Amino acid sequence: MFGLSELAILLLVVIVVLGVKRLPGLVRSAGRASRILKSEARETTEGPLTDPADPRTIKARPGDWTRERDEPTA
């Protein structure tokens, strides 16, 4: 894959392009996204919380908006 020198060059390019001020925020948000992804993956592997033999159906109520109503008519 990549060697140490290629990763170092890639890191320098990222620092130059993004700037030193924006890099900590970017790394922080990537860490948050990683934690969320891991927790969601863990929840899905534990199994469903409800009985799969009894699926729930979400029904629209009268007056709910749909995409057709949101689009302006020509």
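Residues numbered from 1 in each chain as written. Predicted model: local features only at pLDDT ≥ 70, side-chain atom pairs only at ≥ 80, totals over all residues. Heavy atoms only, no water.

**Points about the overall build of the protein**
Line of reasoning, step 1. Along the backbone of the protein there are 3 helices and 0 strands.
Line of reasoning, step 2. From first element to last, N terminus to C terminus, the protein shows the α and β order α-α-α.
Line of reasoning, step 3. By residue count, 0% of the 74 residues in the protein fall in the buried class. (Helix = DSSP H or I, 4+ residues; strand = E, 2+ residues; numbered from the N terminus. Buried < 20%, exposed > 50% of the residue type's maximum accessible area, 1.4 Å probe, protein only.)

**Quick notes on helix α1 (residues 4-18)**
Line of reasoning, step 1. Over its 15 residues, α1 runs 21 Å from end to end, which matches the ideal 21 Å to within 8%, given 1.5 Å per residue.
Line of reasoning, step 2. One or two positions beyond α1, positive phi appears at Gly 19, with a value near 90°. (Expected span 1.5 Å × (residues − 1).)

**Considering a nonpolar patch on the surface**
Line of reasoning, step 1. A contiguous nonpolar surface patch, about 360 Å² in accessible area, is contributed by Phe 2, Leu 7, Leu 10 and Val 14.
Line of reasoning, step 2. Among the secondary structure elements, Leu 7 is positioned in helix α1.
Line of reasoning, step 3. Residue Leu 7 is classed as partly exposed on the basis of its relative accessible area, which comes to 42%. (Patch = residues over 30% accessible without salt bridge, like charges linked within 9 Å, V, L, I, M, F, W, Y side chains within 5 Å. Areas by Shrake-Rupley, 256 points an atom, 1.4 Å probe, with all protein chains shown as cover. Salt bridge = Lys/Arg side-chain N within 4 Å of Asp/Glu carboxyl O.)

**As for the confidence of the model for the protein**
Line of reasoning, step 1. This prediction gives the protein a mean pLDDT of 77; 68% of its residues lie at or above 70.
Line of reasoning, step 2. Per-element confidence in the protein is highest for α1, whose mean pLDDT is 88, and lowest for helix α3 (residues 67-70), whose mean pLDDT is 55. (pLDDT = per-residue confidence, 0-100.)

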